[in-house]
Amino acid sequence: MIKKKKCPVLTSFLLVSTLLELAVILYLLLPMGHERAEASLPDKAVEPAAVEQLAFRLQPEDAQLLKEEEAPAAAPEDAPEKITVKEKEKPAGEPSASEILARAQLVAHGMGSIGELITPNCLEGFLAQYKAGIRVFEADFRLTRDGKVVLRHDWWHADWQNGIDWTHIPTREKFISEPILSQYTPLSFRDLLLLMEVYPDICIITDTKFDESDIFTLQFDAMLADARELGLTYLFDRIAIQVYNGNMRTALNNLYPFPHYIYTLYQDSFKGTKDAFREKVVYCAERGIGGITMDEYWWNASFAAIAKEYDVQVYVHTVNDAAKAKELLNTGVSGVYSDTLTPGDLE
């Protein structure tokens, strides 16, 4: 077999041609990349106030968690061992939900109103009410299309968030990306946990709306998943779980040993009599449920002695008149849910 000799000139020519071709490709790509980078920049700088308000959503450890969530799934044989976030320790001296509730006369309904907006469940409403002295916040929860929990009273307000309504249930990312009425910051349950970590003196009362076990189980599974991903399950010691019947409380206890419950009567067949009230109070006392919530028109001053006998707190909703709130508190109610009232209104 005769071996062909390599031509040094031809080899050199091919090498130079290849290098020139690569240089041209790089030259063409670099401007395109530069243009893409310029196109991705915002039209204007973010307002400093907006950065401050959203800082709790972008904690460094949470940004890392988001990166892990968005990473493409590896093949089963190459799948890394799942990273477990270390549970954070409850800070020394941090009060529990029952301790915060014991010294509060007002509960901000729907996280507190903002402007003319009722039950917005938004960051700005929380900040305004917190500044006014409120420390207990009732939050409304809904499931998103991707099975996450966000703070919203209902989906009927089609004008609240762009592209979101009863017929267009969003994902969590879509929900938090659309400002309420183009100016207020929506919150997910994940955001709420981060907010609670920043404000260690607040208590949350849940309103998950549904008493069907298949729905509320999904809600609380998702809430527990968020807490575990952040290492913040200890914050459930500052959350009072609102239940709508005894079966719901039993089912939730099977999911997780939630330490604080409130029994609300607005979905119950409460008859409004002393005997009916005593029955509910006894049920709560026997099961370690610390409070009962009812419509304000159900309250009867004769209930106060029964509640005191069994050491069960009683809350009424929703009261926006200061004189009425004072009257209820003076006749034995422990606290009042309100859209607008602040501690200053009761002085």
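The sections below set out a description of the structure shown in this document. This one's a predicted model, so the numbers in the text were calculated from it and none came from an experiment.

Considerations on the overall build of the protein chain
Across its full length, the protein chain carries 12 helices and nine strands. Across the 347 residues of the protein chain, 44% fall into the buried class. Considering only contacts in the protein chain between residues 6 or more positions apart, those separated by 24 or more positions represent 62%.

Details of the packing of helix α8 (residues 213-230) against helix α9 (residues 246-255)
Close contact between α8 and α9 brings their axes to 11 Å; oriented N to C, the two are set at 35°. The hand of the α8/α9 crossing is right-handed. Taken together, the residues of α9 that come into contact with α8 (itself represented by Phe216, Thr217, Phe220 and Asp221) are Met248, Ala251, Leu252 and Leu255. Partitioning the contact of α8 with α9 into residue classes produces six nonpolar, one polar and one charged.

With respect to the packing of helix α10 (residues 274-287) against helix α11 (residues 303-310)
Between α10 and α11, whose axes approach to 10 Å, the crossing angle comes to 20°. The angle between α10 and α11 falls in the class roughly parallel. Considering how the two elements wind past one another, α10 and α11 form a crossing that is right-handed. Packed against α10, whose contacting residues are Lys274, Phe277, Arg278, Val281, Val282 and Ala285, the element α11 presents Phe303, Ile306, Ala307, Glu309 and Tyr310 at the interface. Residues belonging to the contact of α10 with α11 are distributed by class as follows: eight nonpolar, no polar and three charged.

Conventions and cut-offs
- Residues numbered from 1 in each chain as written.
- Predicted model: local features only at pLDDT ≥ 70, side-chain atom pairs only at ≥ 80, totals over all residues.
- Heavy atoms only, no water.
- Helix = DSSP H or I, 4+ residues; strand = E, 2+ residues; numbered from the N terminus.
- Buried < 20%, exposed > 50% of the residue type's maximum accessible area, 1.4 Å probe, protein only.
- Contact = heavy atoms within 4.5 Å.
- Axes fitted to C-alpha atoms, helices over the stretch in contact; angles between N-to-C directions.
- Left-handed = near helix turned anticlockwise from the far one by under 90°.
- Nonpolar A, V, L, I, M, F, W, Y, C, P; charged D, E, K, R; others polar.
- Parallel < 35°, antiparallel > 145°, perpendicular 65-115°, else oblique.

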